[in-house]
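# Topology and contacts: notes
Below are the chains, spelled out letter by letter.
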Protein chains: 2
Amino acid sequence: MTNKNVSNDEPILSDCQAVADVLARVGDKWTVMVVGALSGGAMRYNAIQRRIGGISQRMLTLTLKGLEQDGLVTRTMYTVIPPRVDYELTDLGRSLLGPITILFDWAKIHQGAMHMARAKFREAVAIVP
Amino acid sequence: MTNKNVSNDEPILSDCQAVADVLARVGDKWTVMVVGALSGGAMRYNAIQRRIGGISQRMLTLTLKGLEQDGLVTRTMYTVIPPRVDYELTDLGRSLLGPITILFDWAKIHQGAMHMARAKFREAVAIVP
DNA sequence: CAGGATCCAAGCCGATACTG
DNA sequence: CAGTATCGGCTTGGATCCTG
């Protein structure tokens, strides 16, 4: 990501495309929460939904399907009544936990600074509109 | 997201709202690219745009304004003709480079696996439509 | 219990044209 | 050079109802 060794005129799109792809997959509203919910082990559909407050059935289904499609989550269906479906992180999915945790630590440390900056910014533009 | 203490609970989930906030700020289409473009030092508006292929003036302006608002980037205007405006990462912005780089490394390593998983998934659903 | 289907509002984002 | 203004398509995501 850092490009100290690259001239400032060259486009860096190709360098960042990988990150952009990952963020397009992981950066939506619910994916990280679902991955976090599954970090402790396999879980059933409704258990995930209860664990994550406020996610709709539609979005949980879409998010899980996307994660399954990219090989981050496995879906195991038991043909019993009532039906039971377990979701679990794959090795690939668990490998994402590291980077996410790093980001999580950054967020915990700096979210206060970001909110203060935002407040100060709004105050500044309020003085000089 | 209110979490009752479940046996399965991990520290990740209890505060993953913070990660969601960070991703809401950083997970959009252009933010990471702009931060990456600025990782080498201060840059002018048009230089950033040239560096990042395909970003529109509108989105570059909006992205920079958002980053400035959250204290990740400073905007310095020189009242000369022709006008000159420099953008530069703040300490807070530079501190984000670490987590982003980690994510970048993960992306580089695993994007192949993700694309293969996706291809295999499409193939699987093509067999059983 | 685990979704599928449908509708709809809010936003993101690109393209284009214009300005100091 | 460094933006602002406006329009319009496309996507995102929530709410609601329905099914095996």
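Now for a look at the structure at hand.

Okay, the protein's contact with DNA strand D next. Taken together, 20 residues sit near DNA strand D, with K29 and R58 of chain A together with R44, R75 and Y87 of chain B positioned nearest. Within 4 Å of the protein, the contacting atoms of DNA strand D are drawn from sugar and phosphate to the extent of 62%. Contact between DNA strand D and R58 of chain A: a base nitrogen at 2.4 Å from a side-chain N or O atom of the residue. In this structure, a phosphate oxygen belonging to DNA strand D sits 2.6 Å away from a side-chain N or O atom of Y87 of chain B. It is helix 5 (residues 57-69) of chain B that provides the largest number of residues to the surface near DNA strand D, a total of four residues. Residues of the surface near DNA strand D, tallied by class, amount to eight nonpolar, five polar and seven charged.

Further remarks concern helix 3 (residues 31-38) of chain B. The element helix 3 of chain B is extensively covered by neighbouring structure, given that eight of its eight residues are classed as buried. Taken together, the buried positions of helix 3 of chain B are occupied by T31, V32, M33, V34, V35, G36, A37 and L38 of chain B.

It is worth spelling out the protein's contact with DNA strand C at this point. Residues in contact with DNA strand C amount to 19 residues; listed here are only the nearest, K65, R75 and Y87 of chain A together with R58 and M59 of chain B. By atom count, sugar and phosphate contribute 64% of the portion of DNA strand C lying within 4 Å of the protein. In the environment of DNA strand C, a phosphate oxygen lies 3.2 Å from a nitrogen or oxygen atom belonging to the side chain of W30 of chain B. Note that a base nitrogen of DNA strand C is positioned 3.1 Å from one of the side-chain N or O atoms of R58 of chain B. Looking at the surface near DNA strand C, the elements that each hand over two or more residues are helix 3 (45-51), helix 4 (57-69) and strand 3 (84-89) of chain A together with helix 5 of chain B. Split into classes, the residues belonging to the surface near DNA strand C amount to eight nonpolar, five polar and six charged.

The subject of this paragraph is the sheet that holds strand 2 (residues 73-78) of chain B. All names here are of chain B. With antiparallel pairing, three strands are arranged side by side in an open sheet as 1-3-2. Sheet topology places strand 1 (43-44) and strand 2 at the edges, where each strand pairs with a single neighbour. With six bridges joining them, strand 2 and strand 3 (residues 84-89) adopt antiparallel strand pairing. Paired with M77 across the strands is V85, a residue of strand 3. The sheet strands contacting helix 3 are strand 1, strand 2 and strand 3, and the helix crosses strand 3 at an angle near 100°.

This part takes up the nonpolar core. Ranked by size, the top nonpolar core spans 70 residues in total, and within it I48 of chain A together with I48 of chain B carry the most contacts. Discounting residues that sit within four places of it in the chain, I48 of chain A has contacts with A37, L38, M43, L60, L64 and Y87 of chain A.

A few words now on the pairing of strand 3 of chain B. Residues and elements named next belong to chain B. Where strand 1 lies against strand 3, two bridges are found, and the strand directions are antiparallel. Paired with M43 across the strands is Y87, a residue of strand 3. Where strand 2 folds back on strand 3, the antiparallel hairpin that results is connected by five residues.

Turning our eyes to something else, we now look at the packing of aromatic side chains. This model, assessed by the stated rule, comprises zero aromatic pairs over all chains. Its guanidinium or amino end placed over the ring of Y78 of chain B, R84 of chain B lies 5.3 Å from that ring's centre, counting from NZ or CZ.

What counts, and at which threshold
- Residues numbered from 1 in each chain as written.
- Chains lettered and ligands numbered in written order.
- Predicted model: local features only at pLDDT ≥ 70, side-chain atom pairs only at ≥ 80, totals over all residues.
- Heavy atoms only, no water.
- Near = heavy atom within 4 Å.
- Polar contact = N/O pair within 3.5 Å; in protein donor to acceptor, adjacent residues only side chain to side chain.
- Helix = DSSP H or I, 4+ residues; strand = E, 2+ residues; numbered from the N terminus.
- Nonpolar A, V, L, I, M, F, W, Y, C, P; charged D, E, K, R; others polar.
- Buried < 20%, exposed > 50% of the residue type's maximum accessible area, 1.4 Å probe, protein only.
- Pairing = 2+ DSSP bridges.
- Contact = heavy atoms within 4.5 Å.
- Axes fitted to C-alpha atoms, helices over the stretch in contact; angles between N-to-C directions.
- Core = buried A, V, L, I, M, F, W, Y, C linked by side-chain atoms within 4.5 Å.
- Phe/Tyr/Trp six-rings, centres within 6.5 Å; stacked < 30°, edge-to-face > 60°.
- Lys NZ or Arg CZ within 6 Å of the ring centre and 35° of its normal.

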